Amino acid sequence: MEKKTEIKEKFCGNCNSHSPYNYPNQVFCTKRLLQNKNPIVETLWCCEEWTPSTQECYCVQEAKKNQK
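Below is a summary of the structure that appears in this document.

About the thresholds
Residues numbered from 1 in each chain as written. Predicted model: local features only at pLDDT ≥ 70, side-chain atom pairs only at ≥ 80, totals over all residues. Heavy atoms only, no water. Helix = DSSP H or I, 4+ residues; strand = E, 2+ residues; numbered from the N terminus. Contact = heavy atoms within 4.5 Å. Salt bridge = Lys/Arg side-chain N within 4 Å of Asp/Glu carboxyl O. Buried < 20%, exposed > 50% of the residue type's maximum accessible area, 1.4 Å probe, protein only.

A closer look at the overall build of the protein
At step 1: Looking only at helices and strands, one finds 2 helices and 3 strands in the protein.
At step 2: Ordered by position from N to C terminus, the α and β elements of the protein give β-β-α-β-α.
At step 3: Pairs at least 24 residues apart make up 51% of the contacts formed inside the protein by residues separated by at least 6 positions.

In C-alpha cells form, the structure reads like this:
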C-alpha cells in the first residue's frame, strides 16, 4: 500500500508548481511564469492556484526555521 503525505498547510513550498530558487526562503513558480507574473515568490506564501505536491519537500520546514 502506498503511503500518502498529508499536507496540513498551504504554502508555495509544498505546491506542485514550485522549484528551488533561493533556498529555503524563495521558490520559482512555473504557474506564475506561464501567467506572465513574477515567478519568484516567498516559500511561505500561497496563491489561489495552489495544488498539493506529490513529493515531500523540506523548503517549508527550513523557511519556518529562518523566520524564528
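Some remarks on the environment of Glu48
At step 1: Mapping Glu48 onto the fold places it in the loop between strand S3 (40-42) and helix H2 (59-67).
At step 2: As for Glu48 and Lys10, which are separated by 38 residues in sequence, their C-alpha atoms are 9.9 Å apart.

Overview of the pattern of salt bridges
At step 1: Applying the stated criterion across every chain yields a total of 2 salt bridges.
At step 2: With a closest N to O distance of 2.4 Å, Lys64 and Glu9 form a salt bridge. Highlighted residues: Lys64 in helix H2 and Glu9 in the segment before strand S1 (18-22), separated in sequence by 55 residues.
At step 3: Since its relative accessible area comes to 27%, Lys64 is described here as partly exposed.

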